[in-house]
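If you want the building blocks of each chain, they are given just below.
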Amino acid sequence: MDKQKILVVDDEAIIRQLLTRSLLKEGYEVETAEDGNIALEKAKKTSFNLLITDLKMPKKDGMEVLKEVKRTNPYVELIILTGYPTIETAVEAVRIGAFDFICKPFDVQAMLTTIKQCLEKQKYQIKHIELSELMTFAEITRLITSVFELEPLFNRILDSALSITKAKRGSLMLIDPKTRALNVKAARGLDKNIIRNTEINLNEDISDKAVQGKEQALTSSTLNIPLVSISSRSKGNALGMLNISDKVSEESFTEREKTLVFVLAGQAAVAIENAGLYLQLQENIDGLRKVIAQLNDTQNQLIQTEKLAAVGHLAFGIAHEIRNPLGIILGGVELLNNTLCKNDNASDEVVGKIKNSIDRANNIIVDLLKFSRASKLELKLVDLGKLLDEAAALVASRARLSNVEIEKNFPKENVRVNADETVLRQVFFNLYTNALDAMPKEGRLKLSISLNGKNKENNGKKENFVTVEVADTGKGIREEELSNIFNPFFTTKEPGKGTGLGLSIAHLILERHNGRIDVKSKVNEGTTFVVKLPQAA
Amino acid sequence: MRNRRKILLIDDEEDFCFFIKQNLEHSAKVLVDYAANPDRGIAMARKDPPDLIFLDVMMPGKDGIKIIEILKKDKKTMSIPIVMLTAVEDDATKLKAARYYCEDYLVKPVSRQRLEDKIDEVLNRQGQIRA
Ligand SMILES: Nc1ncnc2c1ncn2[C@@H]1O[C@H](COP(=O)(O)OP(=O)(O)O)[C@@H](O)[C@H]1O
Ligand SMILES: [Mg+2]
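## Points about the overall build of chain B
Looking only at helices and strands, one finds five helices and five strands in chain B. Counting from the amino terminus, chain B carries its helices and strands in the arrangement β-α-β-α-β-α-β-α-β-α. Of the contacts made within chain B by residues no fewer than 6 positions apart, 64% connect residues no fewer than 24 positions apart.

## Looking at the pairing of strand S4 (residues 77–82) of chain A
Residue and element names in this part refer to chain A. Judged by how many residues are buried, S4 sits mostly within the fold: six of six residues are covered. Neither face of S4 is left uncovered, since the one carrying Glu77, Ile79 and Leu81 and the one carrying Leu78, Ile80 and Thr82 both have all their residues buried. Direction of pairing for strand S3 (residues 50–54) relative to S4: parallel, over a ladder of five bridges. Directly across from Thr53, in S4, lies its bridge partner Ile80. A crossover connection joins S3 to the parallel S4 through helix H3 (residues 62–72); in handedness this β-α-β unit is right-handed. In the sheet, S4 pairs with strand S5 (residues 100–103) via four bridges, with the strands oriented parallel.

## Some details on the sheet that holds strand S4 (residues 82–86) of chain B
Residue and element names in this part refer to chain B. One open sheet holds the five strands; their spatial order is S2-S1-S3-S4-S5, and the pairing between them is parallel. Looking at the sheet topology across the chains shown, the edges are occupied by strand S2 (30–35) and strand S5 (104–107). With strand direction ignored, the average angle separating the axes of adjacent strands in the sheet is 20 degrees.

## Points about the packing of helix H12 (residues 421–438) of chain A against helix H14 (residues 502–512) of chain A
Residue and element names in this part refer to chain A. At a minimum axis separation of 9 Å, H12 and H14 run at an interaxial angle of 145 degrees. Relative to H14, H12 is oriented so that their crossing is left-handed. Residues Val423, Leu424, Gln426, Val427, Asn430, Leu431 and Asn434 of H12 lie in contact with H14, whose contacting residues are Gly502, Leu503, Ile505, Ala506, Ile509 and Leu510. For the contact of H12 with H14, the class distribution of residues is nine nonpolar, four polar and no charged.

## Focus: helix H1 (residues 14–26) of chain B
Residues and elements named next belong to chain B. Taking 1.5 Å per residue as the helical rise, H1 with its 13 residues ought to reach 18 Å, and the 18 Å between its terminal C-alpha atoms agrees with that figure. Within H1 the residues assigned to the buried category are Phe16, Cys17, Phe19, Ile20, Asn23 and Leu24. Here the buried residues of H1 occupy an arc of 170 degrees about the axis, which is enough to place them on one side.

## Observations concerning a nonpolar patch on the surface
All names here are of chain A. A grouping of Leu314, Ile318 and Ile322 is seen on the molecular surface, where their side chains present a nonpolar patch of about 240 Å² in accessible area. Inspection of the secondary structure puts Ile318 in helix H9 (residues 255–340). Taking the relative accessible area as the measure of exposure, Ile318 reaches 35% and is therefore partly exposed.

## Section: the site of ligand 1
Residue and element names in this part refer to chain A. Asn434, Asp472, Thr491, Thr492 and Lys493 are the nearest of the 19 residues found near ligand 1. Side-chain polar atom of Thr491 to an oxygen atom of ligand 1: 2.6 Å apart, as the coordinates give it. If you list the elements that add at least two residues to the shell around ligand 1, you get H12, H14 and strand S19 (526–534). Considering each element in turn, the shell around ligand 1 owes the most residues, three residues, to H12. Its residues assigned to classes, the shell around ligand 1 shows eight nonpolar, nine polar and two charged.

## Concerning the packing of aromatic side chains
Residue and element names in this part refer to chain A. If you walk through the whole model with that rule in mind, you get two aromatic pairs over all chains. Between Phe486 and Phe529, the ring centres sit 6.4 Å apart and the planes meet at 90 degrees, which makes this aromatic pair edge-to-face. Of this pair, Phe486 sits in the loop between helix H13 (479–482) and H14 while Phe529 is found in strand S19, placing the two residues 43 residues apart along the sequence. Look at Phe529 and you get buried, because its relative accessible area is 6%.

## Let's talk about the sheet that holds strand S12 (residues 404–409) of chain A
All names here are of chain A. Pairing is mixed in the open sheet, where five strands are placed in the order S12-S14-S17-S19-S18. Two strands close off the open sheet at either side, each with one partner strand: S12 and strand S18 (516–522). If you compare each strand with its neighbour and ignore which way they point, the axes differ by 15 degrees on average. In this structure, S18 lies alongside S19, joined through seven bridges in antiparallel fashion. Each residue of the ladder has a partner; that of Lys520, found in S19, is Thr528. In the packing of helix H11 (residues 384–401) onto the sheet, the strands contacted are S12, strand S14 (443–450), strand S17 (465–472) and S19, and the crossing angle to S14 comes to about 175 degrees.

## Points about the confidence of the model for chain A
Summary statistics for chain A give a mean pLDDT of 84 and a share of 90% for residues scoring 70 or more. Note that residues 201–219 of chain A has pLDDT below 50 and, in this model, 27 contacts with residues that lie over four places away or in other chains.

## Brief notes about the side chain of Arg16 of chain A
Residue and element names in this part refer to chain A. Here Arg16 shows up in helix H1 (residues 13–25). This buried residue, Arg16, is left without a salt bridge; Glu34 holds the nearest opposite charge, at 4.6 Å. Among all residues touching Arg16, those that are not within four sequence positions of it are Val8, Asp10, Asp11, Thr32, Ala33 and Glu34.

## Considerations on the interface of chain B and chain A
With 20 residues of chain B at the interface, the matching set in chain A holds 20 residues. Counting the contacts that link chain B with chain A gives two salt bridges. In this structure, Arg373 of chain A engages Asp91 of chain B in a salt bridge whose closest nitrogen and oxygen atoms are separated by 3.4 Å. Among the elements that take part in the side of chain B that touches chain A, H1 of chain B stands out by supplying seven residues, more than any other. Taken together, the residues that form the side of chain B that touches chain A break down as nine nonpolar, four polar and seven charged.

## Considering the pattern of salt bridges
Here the idea is simple: oppositely charged side chains can pair when their charged atoms come close. Residues and elements named next belong to chain A. By the definition in use, this model includes 43 salt bridges over all chains. A salt bridge links Glu77 to Lys121, with the shortest nitrogen-to-oxygen separation between them at 3.3 Å. Residue Glu77 is found in strand S4, and its partner Lys121 is found in helix H5 (residues 108–145); the two are separated by 44 residues along the sequence. The partner of Glu120 in a salt bridge is Lys123, and the shortest N-O contact between them spans 3.8 Å. Taken together, the residues span about one helical turn, with Glu120 and Lys123 both in helix H5 at a distance of three residues. Using a relative accessible area of 37% as the deciding quantity, one classes Glu120 as partly exposed. Bridged by salt links that share partners, the residues Lys380, Lys386, Glu390, Glu421 and Arg425 form one connected network.

About the cut-offs
- Residues numbered from 1 in each chain as written.
- Chains lettered and ligands numbered in written order.
- Predicted model: local features only at pLDDT ≥ 70, side-chain atom pairs only at ≥ 80, totals over all residues.
- Heavy atoms only, no water.
- Helix = DSSP H or I, 4+ residues; strand = E, 2+ residues; numbered from the N terminus.
- Contact = heavy atoms within 4.5 Å.
- Buried < 20%, exposed > 50% of the residue type's maximum accessible area, 1.4 Å probe, protein only.
- Pairing = 2+ DSSP bridges.
- Right-handed = clockwise from strand over helix to strand, strands pointing away.
- Axes fitted to C-alpha atoms, helices over the stretch in contact; angles between N-to-C directions.
- Left-handed = near helix turned anticlockwise from the far one by under 90°.
- Nonpolar A, V, L, I, M, F, W, Y, C, P; charged D, E, K, R; others polar.
- Expected span 1.5 Å × (residues − 1).
- Arc of directions from axis to C-beta.
- Patch = residues over 30% accessible without salt bridge, like charges linked within 9 Å, V, L, I, M, F, W, Y side chains within 5 Å.
- Areas by Shrake-Rupley, 256 points an atom, 1.4 Å probe, with all protein chains shown as cover.
- Salt bridge = Lys/Arg side-chain N within 4 Å of Asp/Glu carboxyl O.
- Near = heavy atom within 4 Å.
- Polar contact = N/O pair within 3.5 Å; in protein donor to acceptor, adjacent residues only side chain to side chain.
- Phe/Tyr/Trp six-rings, centres within 6.5 Å; stacked < 30°, edge-to-face > 60°.
- pLDDT = per-residue confidence, 0-100.
- Lys, Arg positive; Asp, Glu negative; His and termini not counted.

Here's what the structure looks like:
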């Protein structure tokens, strides 16, 4: 352990000599000063554990010396030695925290005991202070390493540095890896405009500065502490700078504060790099999540499309196998009706029912064949508004009969898509028919085309999408049915009224046009089908 | 002009042919012959050309497209109007039949009324051309 250092200040040589001899014998390191100025000089060079000083001295009063030394070395202990004790000086001594107030002449042995007690007390006090400082420091670094968002992290680092050094003003600057300029990331006690415009260009390599930094920082009243990377990838590279100035008490920074803030800077550099990595990771994960969601979506669409295409294929294969017997049944039943039971009301009714069933069976074939038709498109430029109108004309009289008003909201300019006209018209016809089915008494069917729909990334290049909305004020679709409505043969309509194929066909057709269909619905309020198609250039 | 027009139906479904013959003849306007075998159908058309032929597409041996090609290339039969009457519905087949100048393409099941309307329509047109 280092020897404890004592500075004896007295203008009487005899006292200096007496004390020096006794203290050296006790194993202390001793220096002396015969006046206040010399004492201050010496105190600047060495940080003493104890100052023993006379009060009445030429040039500089002992009390002043004490105050000044205490300012740069707050842990220094004081013992006052005086031949003229007064109440005032005693009070003053207590106020500045002197350990004892000894009157001349004094007993050397008693003096040595006092010194011993004083230094013992100091040892424990320093330990205690260091410990509590370390605890705060540990807490601060723990907090720093637990922040992963950059802005709060920067602020926390700066605040920690300021609290450790008890300073008012400071900033944290980081080097932009691309421009190599220093940007202010956090600041305290600085003018906002200055901060915003501060961008220091680094012509010289800052890592050199980083090495010099320590020396420089230790001597100046402003601390400029480099933040240096310790990650294996960029070890030694400067990340930025932590600047601290203006101590609260206008004192200069103590060595202990400087050391702590340097250690803090090391932790801060780690935390900044970690946060950067964390952020990058988070972005990657977010990106990955999006890709996975997209993949799932695409996969679902693909499965649906393939399912429907398979239905079309199958339908094409078996359509005539079913229609032939249907043809025979129809021929047979008509023969029965014409010849065998002529003018028989009862049999007329039976024949009517059989004919209806034949129609039902045939309608399913007709719908199924639309799936296979959707697989062989003949694309050309189609005016979407015109196509929507044509499909609407097909349901106009039905709409009138059930008091449904058809409202159109199309843009002034023509909107064109690349499409198979016949097949695409089928999509909107199916949607209108469903809407009318949902509004048997009255309602409103709203058709709208909009161009400013969302852009969709397609193989890296942006495509403009046209959005068509077919909205009704009908009975709506129940939550649990929503996920089923695009499935083939799903229908909530009476037998013979629906084949459950309309939306599946629409889905397949749109998929084949690189478009998509989505639905929003509220029971008893209405349903909106949203169709998106790539806009023709 | 003959009183009752003669119709030839070529279709491999015997039951279908029988019902159609009964239904159409019931109205007493036309006489219907039918062949369930494609080659026999062609032979019948050549031997005694009918006023109208209803022709199926999918048949064993020769399909309807082949038959219409043969009939439309034969001087004896080329002017007989042919209406396709089939359970097969696809654009490619329709297009081929149209290329051989079929009058129409009807997809089963077809009601008697529809067939009679078609017969009237085609034969009237034919009559106008002849007149
Ligand atoms: N506009 C709508 N309003 C309420 N329900 C609808 C609407 N469109 C579709 N649906 C529901 O979706 C089901 C499936 O529709 P679709 O595939 O066209 O078959 P279908 O109309 O033959 O039943 C319908 O039976 C109905 O329950
Ligand atoms: Mg429908």
